[in-house]
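Close look at the chain arrangement
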Amino acid sequence: MPGLMLLRKRNCTDKPLEGAKIVGCTHVTAQAAVLIETLIALGAQVRWSACNIYSTQNEVAAALAEAGLPIFAWKGESEEDFWWCIEQCITADKWQPSMVLDDGGDATHLLYKKFNGTFNTLRGVVEESVTGVHRLYQLSKQGKLTVAAMNVNDSVTKTKFDNMYCCRESILDSLKRTTDVMFGGKQVLVSGYGEVGKGCCSALKGLGAIVYVAEIDPICALQACMDGFRVVKIEMVVKQIDIMITCTGNKHVVTREQLDRMKNGCIVCNMGHSNTEIDVASLRTSDLTWEKVRTQVDHIIWPDGKRIVLLAEGRLVNLSCSSVPSFVVSITSTTQAIALIELYKAPPGRYKHDVYLLPKKMDEYVAMLHLPTFDGHLTELTEEQAKYLGVNKNGPFKPNYYRY
Ligand SMILES: NC(=O)c1ccc[n+]([C@@H]2O[C@H](COP(=O)([O-])OP(=O)(O)OC[C@H]3O[C@@H](n4cnc5c(N)ncnc54)[C@H](O)[C@@H]3O)[C@@H](O)[C@H]2O)c1
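Note that the structure is a prediction, hence the values are computed from the model and not measured. (Residues numbered from 1 in each chain as written. Predicted model: local features only at pLDDT ≥ 70, side-chain atom pairs only at ≥ 80, totals over all residues. Heavy atoms only, no water.)

Thoughts on the UniProt feature "domain: S-adenosyl-L-homocysteine hydrolase NAD binding" (unreviewed entry) in the chain
Stated precisely, the cut-off is as follows: UniProt positions are given in the numbering used here, feature names are shortened, and annotations may be inferred rather than shown by experiment. A run of DSSP states H or I qualifies as a helix once it reaches four residues; a run of E qualifies as a strand once it reaches two. Both are numbered from the N-terminal end.
Mapped onto the present numbering, the UniProt feature "domain: S-adenosyl-L-homocysteine hydrolase NAD binding" (unreviewed entry) falls on residues 163-324. The straight-line gap between the two end C-alpha atoms of residues 163-324 is 11 Å; of that span, 33% is helix and 22% is strand.

What about unusual backbone geometry?
Formally: Note on exposure labels: buried denotes an accessible area under 20% of the residue type's maximum, exposed denotes more than 50%, and partly exposed covers the range between, all computed with a 1.4 Å probe on protein chains only.
Cis geometry is adopted by the peptide bond preceding Pro 396, which originates at Gly 395 and carries an omega value of -5°. In this structure, Pro 396 sits in the segment after helix H16 (383-389). Positive phi values are uncommon outside glycine, yet Gln 296 reaches one of about 70°. Judged by its relative accessible area of 9%, Gln 296 falls in the buried class.

Describing the sheet that holds strand E9 (residues 230-231)
We apply this condition: The pairing criterion is simple: DSSP has to find at least two bridges between the two strands.
Strand order in the open sheet formed by eight strands is E9-E8-E7-E10-E11-E14-E13-E12, with mixed pairing between adjacent strands. One side of each edge strand has no neighbouring strand; the edge strands of this open sheet are E9 and strand E12 (289-294). Here two bridges tie strand E11 (residues 267-270) to strand E14 (residues 307-311), and the two strands are oriented parallel to one another. Each residue of the ladder has a partner; that of Ile 267, found in E14, is Val 309.

A look at the side chain of His 27
Using the following cut-off: Whenever a nitrogen or oxygen atom comes within 3.5 Å of another N or O atom, the pair is scored as a polar contact, on the condition that within protein one atom can donate a hydrogen and the other can accept it, and that pairs from neighbouring residues in sequence are kept only if both atoms are in side chains. It only takes one pair of heavy atoms within 4.5 Å for two residues to be counted as in contact.
Along the polypeptide, His 27 turns up in the loop between strand E1 (21-26) and helix H2 (30-41). A polar side-chain atom of His 27 sits 2.7 Å from a polar atom in the side chain of Ser 55. When near neighbours in sequence (up to four residues on either side) are disregarded, His 27 contacts Ala 32, Cys 51, Asn 52, Ser 55, Asp 103, Leu 316 and Leu 319.

A few points about the sheet that holds strand E15 (residues 355-357)
For the record, the criterion: Helix axes are fitted to C-alpha atoms over the stretch in contact, other axes to C-alpha atoms as well, and angles between N-to-C directions run from 0 to 180 degrees.
Pairing is parallel in the open sheet, where seven strands are placed in the order E3-E2-E1-E4-E5-E6-E15. This sheet does not close on itself; its edge strands, each paired only once, are strand E3 (71-72) and E15. Of the pairings in the sheet, the one linking strand E4 (residues 99-102) to strand E5 (residues 124-127) comprises four bridges and is parallel in character. Across the sheet, residue Leu 101 finds its bridge partner in E5, namely Val 126. The strands touched by helix H5 (residues 106-114) are E1, E4 and E5; relative to E4, the strand with the most contacts, the crossing angle is about 140°.

Here's the deal with the site of the ligand
Here is the rule we go by: Residues are classed as near a molecule or strand on a simple rule: at least one heavy atom within 4 Å of it. Note on residue classes: Ala, Val, Leu, Ile, Met, Phe, Trp, Tyr, Cys and Pro are nonpolar, Asp, Glu, Lys and Arg are charged, and everything else, Gly too, is polar.
Neighbouring the ligand are 25 residues; Asn 163, Val 196, Glu 215, His 273 and Asn 318 lie closest to it. Side-chain polar atom of Asn 163 to an oxygen atom of the ligand: 2.6 Å apart, as the coordinates give it. Residue Glu 195 places a main-chain N or O atom 3.1 Å away from an oxygen atom belonging to the ligand. Of all the secondary structure elements, the ones that give two or more residues to the shell around the ligand are helix H7 (130-141), helix H8 (156-179) and helix H9 (195-206). When residues in the shell around the ligand are grouped by element, the largest group, three residues, is from H8. Residue composition of the shell around the ligand, grouped by class: 10 nonpolar, 11 polar and four charged.

Some details on the UniProt feature "binding site: substrate" (unreviewed entry) in the chain
Within the UniProt annotation, "binding site: substrate" (unreviewed entry) is assigned to Thr 29, Asp 103, Glu 128, Lys 158 and Asp 162. If you trace the backbone, Thr 29 turns up in the loop between E1 and H2. If we ignore the near neighbours within four places in the chain, the residues touching Thr 29 are Ser 55, Gln 57 and Val 60. Within the secondary structure layout, Asp 162 lies in helix H8. The class of Asp 162 is buried, set by a relative accessible area of 16%. Sequence-distant contacts of Asp 162, that is, excluding residues within four places in its chain, are made with Glu 128, Thr 157, Cys 167, Val 328 and Thr 332.

Focus: the pattern of salt bridges
For the record, the criterion: The term salt bridge refers to a side-chain nitrogen of Lys or Arg lying within 4 Å of a carboxyl oxygen of Asp or Glu.
Inspection of the entire model under this criterion finds 16 salt bridges. The closest approach of N and O atoms between Arg 315 and Glu 79, which form a salt bridge, is 3.2 Å. Of the two residues, Arg 315 sits in the loop between E14 and helix H13 (317-321) while Glu 79 sits in helix H4 (residues 79-90), which places them 236 residues apart along the sequence. Accessibility expressed as a relative area gives 44% for Glu 79, which makes it partly exposed. Among the salt bridges present, the one from Lys 158 reaches Glu 128, with a minimum N-O distance of 3.8 Å. Taken as a pair, Lys 158 in helix H8 and Glu 128 in the loop between E5 and H7 lie far apart in primary sequence, 30 residues in all. Residue class for Lys 158 comes out buried when judged on its relative accessible area of 4%. A cluster of three or more residues bridged by salt bridges with shared partners is formed by Glu 128, Lys 158 and Asp 162.

Right under this line is the structure:
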């Protein structure tokens, strides 16, 4: 976590988060612990829960609890436990949260629905996921957002690195650890060719898999074509694929009818935030038998003996079944920490009750904090060059609409 540690080192004396009371709801992993410790080093108080019932690393949650931190998370929570844990972060004696750091929007949702008085007094919400950001924009559209929110999912440093490079590495790790599958020559269908889908497809192609893409957006579909993938409707290949991966952030992308048509042994998993991308609930019928063959691996058996290999019950497979590279998490965590500082320290009036993107200068700062890891050296603009390009010599170096 080099960038985050550098941020901590640079800011631990002036404590920019002094007095901030942060409710955190993220995956509880070793890397998240470094973020939590950093926020505390920068002056914040925190209460923390997990944003996913499977992704908590129990030893990490235990270590944080042993260190005296109010952390409410364990691997394999029930739905009921999940909401109970979040609620423990919101309600405590002499504790009134002033900020939320959310991944998926559940803590924000609970605050908004059940603790609206507290929600209205928040200084800011920082949201990391596509799904959570979508919920915030919906609230804002309906005129119901009563706090300033920062969409860090769409910061360039988050989207390009966490969604794309991280998934490029962790999809293979997840599939290998759970199924020991060999990728060469396997037919894989990836639904969604956004950042996550692009990462998965490029990794699978690199190992010799035959990759198909399903997309609803013609621009992303055309990108997939140009990258050398066949763009198909699920129905066209559903009977022949060996692996199905959803990466859309949408619901019911794989239906029971399609699962019925898949061939024996097909591996089905999800990389998107929501656990409804694969309609897993539709597989809970009396004609099908569920057999747990390993942790996070279920065989669903049809009456004729056909088996589908379902990973992590349709939840985020990489966060449930593999490790995620710390370097990428460092980039995302640094973005989150900087967004919290920006919302907390901003003078009144800079942020209204709306959803904002992290200012580009800060996005560039996050990237800059990570360059020393590679011994990367930036070229500096001359005064003349800066004037010619019409940018400040010290950044931001690109207009907001630049896509990278
Ligand atoms: N697993 C991880 O580590 C990880 C990391 C980052 C994001 N995510 C999650 O992955 C999901 C996708 O993120 P992203 O950044 O790629 O988003 P994105 O918006 O860039 O891509 C999603 C793509 O899915 C397409 N799509 C939507 N509905 C579809 C359907 N029914 N069939 C086919 N394609 C469809 C969209 O057109 C879009 O191109 C989100 O839920 C996000 O929260 C997961």
